[in-house]
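Listed below are the residues making up each chain.
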Amino acid sequence: MTSGDDPNSYAKNSNRQKVAADRAKAVVLEAIIENLEVEEKTPISSKFQIADLGCATGPNTFFAVNTIIEAVTQSSN
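Residues numbered from 1 in each chain as written. Predicted model: local features only at pLDDT ≥ 70, side-chain atom pairs only at ≥ 80, totals over all residues. Heavy atoms only, no water.

Novice: How should I be thinking about the overall build of the protein chain in this particular structure?
Specialist: The number of helices and strands found in the protein chain is two helices and zero strands. Within the protein chain, buried positions represent 17% of all 77 residues. In the protein chain, 62% of the contacts between residues at least 6 apart in sequence involve partners at least 24 apart. As displayed, the protein chain has an accessible area near 6200 Å², and 54% of this comes from carbon and sulfur atoms. (Helix = DSSP H or I, 4+ residues; strand = E, 2+ residues; numbered from the N terminus. Buried < 20%, exposed > 50% of the residue type's maximum accessible area, 1.4 Å probe, protein only. Contact = heavy atoms within 4.5 Å. Areas by Shrake-Rupley, 256 points an atom, 1.4 Å probe, with all protein chains shown as cover.)

Novice: How should the packing of aromatic side chains be read in this particular structure?
Specialist: The geometry of an aromatic ring pair is captured by the separation of the ring centres together with the interplanar angle, meaning the angle of the planes. Summed over the entire model, instances satisfying the criterion amount to zero aromatic pairs. The ring centre of Phe63 lies 3.5 Å from the NZ or CZ of Lys18, which sits over that ring. (Phe/Tyr/Trp six-rings, centres within 6.5 Å; stacked < 30°, edge-to-face > 60°. Lys NZ or Arg CZ within 6 Å of the ring centre and 35° of its normal.)

Novice: Would you explain the pattern of salt bridges in this entry?
Specialist: Oppositely charged side chains can pair when the atoms bearing their charge come close. Counted according to the given criterion, the structure contains two salt bridges. Here Glu70 makes a salt bridge to Lys25, at a shortest N to O gap of 3.3 Å. Separated by 45 residues along the polypeptide, Glu70 in helix H2 (residues 60–76) and Lys25 in helix H1 (residues 15–35) bring together distant segments of the chain. Accessibility expressed as a relative area gives 24% for Lys25, which makes it partly exposed. (Salt bridge = Lys/Arg side-chain N within 4 Å of Asp/Glu carboxyl O.)

In structure tokens:
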């Protein structure tokens, strides 16, 4: 795969990965919400890190990270 927007790019050839991420979204949300413990008085120095080990040039990166952020936000409410 090549980066960019040409016919052979990941952005143009990653629909199967997007479908898989769509199907897994509910499971990922549920797992994070059930297992992440967020305390209101957590020190500012505490960190929550996310690593996306996929292709950084396509739109699926944003979808996956957005799903995780959505779950963390729901957990903290």
